[in-house]
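Analysis of the macromolecular model
Residues per chain, in single letters:
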Protein chains: 2
Amino acid sequence: MIDYDGPVPRYVQLAELIRDRIRAGQYLPDRRIPSEPDLSSETGLARETVRRGLRLLVDEGTLVRVPGKGTYVSPDPPV
Amino acid sequence: MIDYDGPVPRYVQLAELIRDRIRAGQYLPDRRIPSEPDLSSETGLARETVRRGLRLLVDEGTLVRVPGKGTYVSPDPPV
DNA sequence: CTGTATTTGTTCGTATGTATT
DNA sequence: AAATACATACGAACAAATACA
(Lines give C-alpha, C1' and ligand atoms only; values in the text may rest on other atoms or scores of the structure.)
Protein backbone atom coordinates (compact mmCIF):
# COMPACT_ATOMS: atom_id res chain seq x y z
CA MET A 1 0.00 0.00 0.00
CA ILE A 2 2.75 2.37 0.92
CA ASP A 3 5.75 2.08 -1.35
CA TYR A 4 8.96 3.98 -1.87
CA ASP A 5 9.26 3.43 -5.62
CA GLY A 6 8.11 6.95 -6.39
CA PRO A 7 9.34 10.35 -5.37
CA VAL A 8 6.97 10.56 -2.40
CA PRO A 9 8.56 9.52 0.90
CA ARG A 10 6.72 6.94 2.94
CA TYR A 11 6.13 9.25 5.82
CA VAL A 12 4.47 11.72 3.47
CA GLN A 13 2.32 8.93 2.10
CA LEU A 14 1.32 8.01 5.62
CA ALA A 15 0.33 11.61 6.29
CA GLU A 16 -1.79 11.55 3.16
CA LEU A 17 -3.40 8.32 4.30
CA ILE A 18 -4.34 9.84 7.65
CA ARG A 19 -5.64 12.97 5.95
CA ASP A 20 -7.78 10.83 3.65
CA ARG A 21 -9.25 9.01 6.60
CA ILE A 22 -10.10 12.27 8.30
CA ARG A 23 -11.72 13.56 5.14
CA ALA A 24 -13.63 10.30 4.81
CA GLY A 25 -14.91 10.63 8.37
CA GLN A 26 -13.08 7.52 9.46
CA TYR A 27 -11.12 9.56 12.01
CA LEU A 28 -13.32 12.16 13.66
CA PRO A 29 -12.48 15.55 15.23
CA ASP A 30 -11.49 15.37 18.91
CA ARG A 31 -11.25 11.61 18.62
CA ARG A 32 -8.15 9.55 19.10
CA ILE A 33 -6.47 7.89 16.14
CA PRO A 34 -4.59 4.58 16.39
CA SER A 35 -1.33 4.53 18.36
CA GLU A 36 2.08 4.69 16.71
CA PRO A 37 2.69 0.96 17.18
CA ASP A 38 -0.75 0.22 15.72
CA LEU A 39 -0.13 2.39 12.69
CA SER A 40 3.30 0.86 12.42
CA SER A 41 1.85 -2.64 12.48
CA GLU A 42 -0.95 -1.78 10.09
CA THR A 43 1.24 -0.12 7.50
CA GLY A 44 4.44 -2.09 8.03
CA LEU A 45 6.34 1.17 8.45
CA ALA A 46 8.88 1.70 11.19
CA ARG A 47 7.67 3.62 14.18
CA GLU A 48 10.00 6.53 13.47
CA THR A 49 8.61 6.75 9.96
CA VAL A 50 5.10 6.80 11.36
CA ARG A 51 6.16 9.50 13.78
CA ARG A 52 7.52 11.63 10.97
CA GLY A 53 4.26 11.42 9.10
CA LEU A 54 2.25 12.27 12.19
CA ARG A 55 4.51 15.22 12.88
CA LEU A 56 3.68 16.69 9.49
CA LEU A 57 0.02 16.62 10.46
CA VAL A 58 0.76 18.05 13.90
CA ASP A 59 2.75 20.88 12.33
CA GLU A 60 -0.11 21.73 9.98
CA GLY A 61 -2.62 21.62 12.79
CA THR A 62 -4.44 18.50 11.75
CA LEU A 63 -3.47 16.38 14.71
CA VAL A 64 -2.72 17.01 18.38
CA ARG A 65 -0.54 14.68 20.41
CA VAL A 66 -0.97 14.32 24.14
CA PRO A 67 1.89 12.56 25.97
CA GLY A 68 0.72 9.51 27.80
CA LYS A 69 -2.69 9.64 26.16
CA GLY A 70 -2.57 9.50 22.42
CA THR A 71 -2.86 11.33 19.13
CA TYR A 72 -6.10 13.18 18.41
CA VAL A 73 -7.72 14.79 15.41
CA SER A 74 -7.88 18.54 15.96
CA PRO A 75 -11.31 20.02 16.77
CA ASP A 76 -11.31 21.78 13.40
CA PRO A 77 -8.68 20.13 11.20
CA PRO A 78 -7.49 22.11 8.15
CA VAL A 79 -8.38 19.32 5.78
CA MET B 1 29.27 20.09 26.10
CA ILE B 2 25.83 18.99 25.19
CA ASP B 3 24.18 17.11 28.02
CA TYR B 4 20.74 15.66 28.48
CA ASP B 5 20.49 15.94 32.25
CA GLY B 6 18.14 18.90 32.00
CA PRO B 7 14.78 19.39 30.38
CA VAL B 8 16.30 20.65 27.15
CA PRO B 9 16.70 17.92 24.53
CA ARG B 10 20.05 17.53 22.89
CA TYR B 11 18.77 18.38 19.45
CA VAL B 12 17.39 21.65 20.80
CA GLN B 13 20.76 22.37 22.39
CA LEU B 14 22.44 21.75 19.06
CA ALA B 15 20.07 24.19 17.38
CA GLU B 16 20.97 26.77 20.02
CA LEU B 17 24.66 26.12 19.41
CA ILE B 18 24.28 26.75 15.68
CA ARG B 19 22.23 29.89 16.35
CA ASP B 20 24.93 31.17 18.68
CA ARG B 21 27.56 30.63 16.04
CA ILE B 22 25.51 32.51 13.49
CA ARG B 23 25.01 35.38 15.91
CA ALA B 24 28.71 35.37 16.66
CA GLY B 25 29.53 35.59 12.99
CA GLN B 26 31.23 32.22 13.01
CA TYR B 27 28.73 30.98 10.44
CA LEU B 28 27.97 33.64 7.85
CA PRO B 29 24.86 34.25 5.71
CA ASP B 30 24.85 32.37 2.39
CA ARG B 31 27.82 30.34 3.58
CA ARG B 32 27.88 26.62 4.18
CA ILE B 33 28.01 25.23 7.69
CA PRO B 34 29.74 21.94 8.54
CA SER B 35 28.18 18.77 7.16
CA GLU B 36 26.00 16.56 9.30
CA PRO B 37 28.77 13.99 9.82
CA ASP B 38 31.13 16.78 10.84
CA LEU B 39 28.68 18.23 13.33
CA SER B 40 28.06 14.72 14.59
CA SER B 41 31.77 14.11 15.12
CA GLU B 42 32.32 17.48 16.73
CA THR B 43 29.44 17.21 19.19
CA GLY B 44 29.41 13.47 19.74
CA LEU B 45 25.72 13.43 18.86
CA ALA B 46 24.20 10.89 16.52
CA ARG B 47 23.60 12.12 13.02
CA GLU B 48 19.85 11.76 13.39
CA THR B 49 19.97 13.94 16.48
CA VAL B 50 21.98 16.52 14.54
CA ARG B 51 19.43 16.37 11.75
CA ARG B 52 16.59 17.01 14.18
CA GLY B 53 18.35 20.09 15.46
CA LEU B 54 19.07 21.36 11.99
CA ARG B 55 15.47 20.82 11.00
CA LEU B 56 14.37 23.21 13.73
CA LEU B 57 16.56 25.88 12.18
CA VAL B 58 15.33 25.08 8.68
CA ASP B 59 11.73 25.34 9.86
CA GLU B 60 12.36 28.73 11.41
CA GLY B 61 14.14 29.98 8.29
CA THR B 62 17.62 30.15 9.72
CA LEU B 63 19.15 27.44 7.56
CA VAL B 64 18.61 26.11 4.05
CA ARG B 65 19.59 22.61 3.05
CA VAL B 66 20.51 21.63 -0.48
CA PRO B 67 20.68 17.90 -1.23
CA GLY B 68 24.06 16.84 -2.47
CA LYS B 69 25.60 20.18 -1.61
CA GLY B 70 25.22 21.11 2.00
CA THR B 71 23.52 23.19 4.64
CA TYR B 72 23.65 26.96 4.32
CA VAL B 73 22.89 29.92 6.53
CA SER B 74 19.92 31.81 5.09
CA PRO B 75 20.67 35.14 3.37
CA ASP B 76 18.86 36.97 6.15
CA PRO B 77 18.53 34.58 9.10
CA PRO B 78 15.91 35.49 11.76
CA VAL B 79 18.50 35.49 14.51
C1' DC C 1 31.79 10.23 -20.26
C1' DT C 2 32.72 7.59 -16.19
C1' DG C 3 33.52 6.67 -11.85
C1' DT C 4 34.37 8.32 -7.03
C1' DA C 5 33.60 11.04 -3.09
C1' DT C 6 30.72 14.09 -0.42
C1' DT C 7 26.38 15.50 1.46
C1' DT C 8 21.69 15.35 2.34
C1' DG C 9 17.39 12.20 2.36
C1' DT C 10 14.99 8.18 3.84
C1' DT C 11 14.24 3.98 6.41
C1' DC C 12 14.61 0.50 9.86
C1' DG C 13 16.10 -1.18 14.44
C1' DT C 14 16.74 -0.70 19.40
C1' DA C 15 16.85 1.33 23.94
C1' DT C 16 15.55 4.45 27.59
C1' DG C 17 12.77 8.16 29.66
C1' DT C 18 8.37 10.45 30.91
C1' DA C 19 3.45 10.94 31.50
C1' DT C 20 -1.15 9.09 31.87
C1' DT C 21 -4.50 5.69 32.90
C1' DA D 1 1.97 -1.67 40.26
C1' DA D 2 1.22 -2.33 35.44
C1' DA D 3 0.04 -1.23 30.85
C1' DT D 4 -0.21 2.23 27.37
C1' DA D 5 1.62 5.99 24.63
C1' DC D 6 4.52 9.62 23.26
C1' DA D 7 9.62 11.73 23.50
C1' DT D 8 14.36 11.36 23.01
C1' DA D 9 18.63 9.22 21.49
C1' DC D 10 21.87 6.19 19.24
C1' DG D 11 23.31 3.06 15.45
C1' DA D 12 23.22 1.34 10.83
C1' DA D 13 22.23 1.08 5.93
C1' DC D 14 21.01 2.49 1.38
C1' DA D 15 19.28 6.06 -2.05
C1' DA D 16 19.64 10.44 -4.49
C1' DA D 17 21.82 14.72 -5.78
C1' DT D 18 25.93 17.19 -6.54
C1' DA D 19 30.75 18.05 -7.54
C1' DC D 20 34.95 16.79 -9.39
C1' DA D 21 39.09 14.26 -11.10
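Use the structure listed above.
Description of the structure in this document. Quick caveat: nothing in here was measured; it's all calculated off a predicted structure.

1. Considerations on the overall build of chain A
Along chain A, the regular secondary structure elements total three helices and two strands. The N-to-C order of helical and strand elements in chain A reads α-α-α-β-β. Expressed as a percentage of its 79 residues, the buried residues of chain A come to 35%. Carbon and sulfur atoms provide 47% of the accessible area of chain A, an area that totals close to 4,700 Å².

2. Some thoughts on the protein's contact with DNA strand C
Neighbouring residues of DNA strand C: 25 residues in total, closest A:R10, A:T49, A:R52, B:E36 and B:R47. Sugar and phosphate atoms form 69% of the subset of DNA strand C atoms that lie within 4 Å of the protein. Between DNA strand C and the protein, one listed contact pairs a phosphate oxygen with a side-chain N or O atom of B:R51 at 3.1 Å. One nitrogen or oxygen atom from the side chain of B:T71 is found 3.0 Å from a phosphate oxygen belonging to DNA strand C. Counting residues per element, the ones that place at least two in the surface near DNA strand C are α1 (10-23) and α3 (47-59) of chain A together with α2 (36-43), α3 (47-59), β2 (63-66) and β3 (70-73) of chain B. The dominant element in the surface near DNA strand C, judged by the number of residues it contributes, is α3(B), at three residues.

3. Brief notes about the packing of α1(A) against α3(A)
All names here are of chain A. The interhelical angle for the contact between α1 and α3, taken along N-to-C directions, is 55 degrees, at an axis separation of 8 Å. By the angle between their axes, α1 is oblique relative to α3. As α1 runs across α3, the sense of the crossing is right-handed. Where α1 approaches α3, its residues R10, Y11, V12, L14, A15, I18 and R19 are matched on the opposing element by T49, V50, R52, G53, L54, L56 and L57.

4. Re the packing of aromatic side chains
All chains considered together, the criterion is met by zero aromatic pairs over all chains. Looking at A:R52, its charged tip hangs above the ring of A:Y11, at a distance of 5.9 Å from the centre.

5. Some words on the sheet that holds β2(B)
Residues and elements named next belong to chain B. Here we have three strands laid out as an open sheet, ordered β1-β3-β2, and antiparallel in their pairing. Each edge of the open sheet carries a strand with a single partner, namely β1 (32-33) and β2. For β1 and β3, the ladder comprises two bridges, and the chain directions are antiparallel. Following the sheet pairing, R32 is matched in β3 by Y72.

6. Describing α1(A)
All names here are of chain A. The first and last C-alpha atoms of α1 sit 20 Å apart over 14 residues, in line with the 20 Å expected at 1.5 Å per residue. Buried within α1 are the following residues: Q13, L14, A15, L17, I18, R19, R21 and I22. Next to the buried residues of α1 lie α2 (36-43), α3, β1 (63-66) and β2 (70-73). Downstream of α1 by a residue or two, G25 has a phi angle that is positive, lying close to 80 degrees.

The rules behind the values
Residues numbered from 1 in each chain as written. Chains lettered and ligands numbered in written order. Predicted model: local features only at pLDDT ≥ 70, side-chain atom pairs only at ≥ 80, totals over all residues. Heavy atoms only, no water. Helix = DSSP H or I, 4+ residues; strand = E, 2+ residues; numbered from the N terminus. Buried < 20%, exposed > 50% of the residue type's maximum accessible area, 1.4 Å probe, protein only. Areas by Shrake-Rupley, 256 points an atom, 1.4 Å probe, with all protein chains shown as cover. Near = heavy atom within 4 Å. Polar contact = N/O pair within 3.5 Å; in protein donor to acceptor, adjacent residues only side chain to side chain. Axes fitted to C-alpha atoms, helices over the stretch in contact; angles between N-to-C directions. Parallel < 35°, antiparallel > 145°, perpendicular 65-115°, else oblique. Left-handed = near helix turned anticlockwise from the far one by under 90°. Contact = heavy atoms within 4.5 Å. Phe/Tyr/Trp six-rings, centres within 6.5 Å; stacked < 30°, edge-to-face > 60°. Lys NZ or Arg CZ within 6 Å of the ring centre and 35° of its normal. Pairing = 2+ DSSP bridges. Expected span 1.5 Å × (residues − 1).

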